[in-house]
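So the chains spell out like this:
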Amino acid sequence: MFPFKNNIILDRNINRNLYLQLCDQIIGFIKSGKLPPSTKLPGSRKLAENLSIHRKTVIASYEELISQGWIETIPARGTFVSSILPIVNPLGFDRSFAEMKTKDKSGFTFSKRTHLVRKLSISNTEQTLKIDDGSPDHRLAPIDEIAKIYRNISKKMYNKDLLTYGSIYGNIELRKALMYYLNQTRGLDIKIDNILITRGSQMGIYLAGQLLLSNKNRVIVGSTNYITADNTFIESGGIIERVPVDEEGLDTKCIEKLCKSKEIKAVYVTSHHHHPTTVTLSAKRRMHLLQLAQHYNFAIVEDDYDYDFHYSNAPILPLASNDNKGNVIYIGGFTKIIAPAMRIGYLIASKDFIDEAASLRRIIDRQGDQLLEQTIAQMITSGDVQRHSNKVLKIYKTRRDLFCSLLKEKLNPYFDFRIPNGGMAVWTKLNKSYHWDDIYREAKKLHLELNPNWRRYDNNNSNHNGVRMGFAALNEDEIREVINRLEKVMNCINS
Ligand SMILES: Cc1ncc(COP(=O)(O)O)c(C=O)c1O
């Protein structure tokens with residue numbers, strides 16, 4: 001008989017019932033083949049005696065194992081390991097245990113996407129301060145308000161329908177609210193059928209990429225570009241063509257040239273503030289791009305991720321507000337205004353495209369969080385979103401000014417930059433006699449975290465030495481401390 005006494009170890013000091021510990025271990029022996037199908041198990045009295053536990057504990061354990069189908073009772077004969085369990089290859093106990101703990105390798109092959117692999121940031125300690133590439137400050141999110149509305153909505157009986165499957169286009173109240181909101185804030189002339197609610201802007205980029213590019217179609221992006229958009233388009237099967245980006249944004253003359261020689265399916269543009277360099281696409285180029293889109297029948301994928309953050313004058317209206325021929329796919333969301341974890345975004349396009357995008361979205365994510373969508377709808381209608389947006393805009397402007405003035409004052413010889421008129425980051429070019437790798441290494445020693453993927457800004461290998469330095473997620477004290485540490489980093493490198 002299997003030596004239960006020597007092999008079962010029960011620990012009264014851990015936070016798991018003894019009867020469940022016993023179950024776990026018996027299951028482990030069955031799985032490892034140490035207790036093969038049809039093995040007779042000791043009676044409950046005997047096992048309790050052997051393990052110095054109460055008989056009721058063994059009985060509870062056996063009942064649990066019977067209900068899970070691991071063991072069975074045969075009248076007048078006793079308790080046995082279930083005879084119908086699949087045969088498992090016996091493995092040494094130690095080996096199978098080790099395998100259970102470390103599942104690094106799958107037992108099958110699958111395709112790997114090396115182009116999507118990114119270095120992870122180092123872990124945050126309390127002393128660590130991070131310069132990200134332009135995230136909002138999640139600490140400013142109106143979370144109490146959101147929680148209150150969310151709770152109120154979920155308490156109301158007539159809202160219980162929001163807990164079941166809903167429209168694949170997203171919550172109707174949010175779509176209605178967006179129709180007015182996007183008209184008032186961005187001049188978009190749309191109907192509900194032109195709106196698909198997504199989980200953030202990224203889902204919109206993905207859906208657009210999949211629908212436009214799967215047949216090795218060509219998409220034009222900037223020579224510097226948001227790397228995740230590049231990756232999304234490559235993943236969709238598209239071919240990337242690059243055009244220069246200067247002080248007026250994407251060079252539309254180069255786009256025209258490309259259109260003359262190749263069939264172009266789409267142009268991806270972060271028109272309000274080009275990612276990463278933060279420049280705004282000029283009015284002249286906006287009009288030119290729209291004309292080209294109509295002439296050559298391509299889609300403009302307008303990713304307006306930071307439309308709400310404009311510090312000098314009124315924001316320039318998106319290309320989508322001038323699109324009367326259905327060429328623009330407009331992508332935006334609330335992840336920057338409210339918080340990145342609140343995954344609510346939208347895709348705005350002609351109805352036929354929205355229908356297709358909704359069907360595609362359905363097979364990866366049936367729908368979003370309807371309660372949250374309804375919450376945001378209510379906040380839009382009550383004006384809370386706009387009030388919050390105005391509030392954070394003022395805070396971010398102060399942070400931008402402080403960050404830029406300290407960067408100029410303390411680190412002028414090393415970094416070249418232009419004060420961005422919007423967004424959440426400064427496009428900072430490092431003096432070419434220095435290297436980002438050295439800065440990254442020294443900064444780490446001083447608990448200053450810089451993005452380890454700084455090379456991703458130079459997908460063209462043009463050696464521009466620029467990175468985005470986000471200021472919005474740091475409060476004023478943190479900005480002072482970050483600049484202070486950066487100064488020390490440069491001193492160390494120079495010494
Ligand atoms: C240019 C750009 N587009 C899209 C996104 C994705 O935003 P979301 O969090 O709404 O998916 C980001 C996120 O940083 C971004 O920088």
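The structure presented is a predicted model; accordingly, all values stated were derived computationally and were not measured.

What counts and what doesn't
- Residues numbered from 1 in each chain as written.
- Predicted model: local features only at pLDDT ≥ 70, side-chain atom pairs only at ≥ 80, totals over all residues.
- Heavy atoms only, no water.
- Helix = DSSP H or I, 4+ residues; strand = E, 2+ residues; numbered from the N terminus.
- Rg over C-alpha atoms; globule rule 2.2 N^0.38 Å.
- Buried < 20%, exposed > 50% of the residue type's maximum accessible area, 1.4 Å probe, protein only.
- Contact = heavy atoms within 4.5 Å.
- Near = heavy atom within 4 Å.
- Polar contact = N/O pair within 3.5 Å; in protein donor to acceptor, adjacent residues only side chain to side chain.
- Nonpolar A, V, L, I, M, F, W, Y, C, P; charged D, E, K, R; others polar.
- Pairing = 2+ DSSP bridges.
- Axes fitted to C-alpha atoms, helices over the stretch in contact; angles between N-to-C directions.
- UniProt positions renumbered as here; feature names shortened; annotations may be inferred.
- Arc of directions from axis to C-beta.

Participant: Can you explain the overall build of the protein? Please cite residues and give values.
Facilitator: Summing up its helical and strand segments, the protein has 16 helices and 17 strands in all. Expected size for 495 residues packed as a compact globule is a radius of gyration near 23 Å; at 29 Å, the protein overshoots this value by more than 25%. Within the protein, the fraction of its 495 residues that count as buried is 50%. Look at the contacts in the protein between residues 6 or more apart in sequence, and 72% of them connect residues 24 or more apart.

Participant: With reference to specific residues and values, describe the site of the ligand.
Facilitator: Taken together, Gly200, Ser201, Gln202, Ile205, Tyr226, Thr270, His275, Asp303, Tyr305, Thr335, Lys336 and Arg343 form the complete shell of residues around the ligand. Asp303 is positioned such that a nitrogen or oxygen atom in its side chain is 2.6 Å from a nitrogen atom of the ligand. Ranked by residues supplied to the shell around the ligand, first place goes to helix 8 (residues 200-213) with four residues. Partitioning the shell around the ligand into residue classes produces three nonpolar, six polar and three charged.

Participant: Got a sec to walk through the sheet that holds strand 15 (residues 425-430)? Specific residues and values, please.
Facilitator: A sheet is described by the order of its strands in space; here three strands give the open sequence 14-15-17, paired in antiparallel fashion. Each edge of the open sheet is held by one strand with a lone partner, namely strand 14 (415-417) and strand 17 (466-470). Neighbour to neighbour, the strand axes of the sheet diverge by 40° on average, direction disregarded. Of the pairings in the sheet, the one linking strand 14 to strand 15 comprises three bridges and is antiparallel in character. Bridge pairing links Asp416 to Lys429 in strand 15. The strands touched by helix 14 (residues 384-411) within the sheet are strand 14, strand 15 and strand 17, with strand 14 carrying the most contacts at an inclination of about 140°.

Participant: Summarise the UniProt feature "domain: HTH gntR-type" (unreviewed entry) in the protein; cite the residues concerned and give the values.
Facilitator: Annotation from UniProt places "domain: HTH gntR-type" (unreviewed entry) at residues 16-84. Between the end C-alpha atoms of residues 16-84 the distance is 29 Å, and the span holds 52% helix and 14% strand.

Participant: Tell me about helix 3 (residues 44-51), and please be specific about residues and values.
Facilitator: Of the residues making up helix 3, those classed as buried are Ser44, Leu47, Ala48 and Leu51. Buried residues of helix 3 fall within an arc of 100° about the axis and therefore sit on the same side. Residues Arg45 and Glu49 are exposed on helix 3 and point more than 90 degrees away from its buried face. Packed against the buried residues of helix 3 are helix 1 (4-7), helix 2 (18-31) and helix 4 (55-68). Just beyond helix 3, the residue with positive phi is Ser52, at close to 55°.

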